[in-house]
Amino acid sequence: MNLEIEPVHVGEEEDIDIGSVENFEHEEIDYAIFRLESGFFATQGHCYCEDQTFLSEASVEGEELECASCGNTFSIVSGDPVSDLELPPLKTYDIYEEDGNIYLNL
Ligand code: FES
């Protein structure tokens, strides 16, 4: 069995503006890809709530995202909830840029 992590090519660095978020689908799973001043970050593509809101529709404020449906905020860097500490943290993924390309380690 091969347990090596295969980087998945997400796109090019210039495809996403600083301070914004895009959805990326891979093998029928959505991921939210964020580009901040401090670099690229990735979280699960949907929140945990009933309507599974796309996190790519969230607004980005510094290093936090604000859910487009309920307004709750989370850290984009750690996935931790900010506005409601009772909420579960968002899953985060290892993401990096190399030679102008963005890769996710899944
Ligand atoms: S509706 Fe789920 S975090 Fe906002």
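Summarised in this report is the structure supplied together with it.

Moving on, we get to the side chain of D30. Position of D30 among the secondary structure elements: in strand β3 (residues 29-36). Among buried charged residues, D30 stands out as having no salt bridge; its nearest opposite-charge side chain is K91, 12 Å away. A distance of 2.9 Å separates the side chain of D30 from the side chain of N23, its partner in a polar contact. Reaching out from D30, the side chain makes a polar contact with the side chain of H46 at a distance of 2.7 Å. Residues within four places of D30 in sequence aside, it is in contact with N23, F24, E25, Q44, G45, H46 and F54.

This next bit is on the environment of C67. Mapped onto the elements, C67 comes out in the loop between β6 (64-66) and β7 (73-75). In this structure the C-alpha to C-alpha distance between C67 and S56, which are 11 residues apart in sequence, comes to 9.0 Å. With near-sequence residues (within four places) excluded, C67 lies in contact with T53, A58 and N72.

Parameters and conventions
Residues numbered from 1 in each chain as written. Predicted model: local features only at pLDDT ≥ 70, side-chain atom pairs only at ≥ 80, totals over all residues. Heavy atoms only, no water. Helix = DSSP H or I, 4+ residues; strand = E, 2+ residues; numbered from the N terminus. Buried < 20%, exposed > 50% of the residue type's maximum accessible area, 1.4 Å probe, protein only. Lys, Arg positive; Asp, Glu negative; His and termini not counted. Salt bridge = Lys/Arg side-chain N within 4 Å of Asp/Glu carboxyl O. Polar contact = N/O pair within 3.5 Å; in protein donor to acceptor, adjacent residues only side chain to side chain. Contact = heavy atoms within 4.5 Å.

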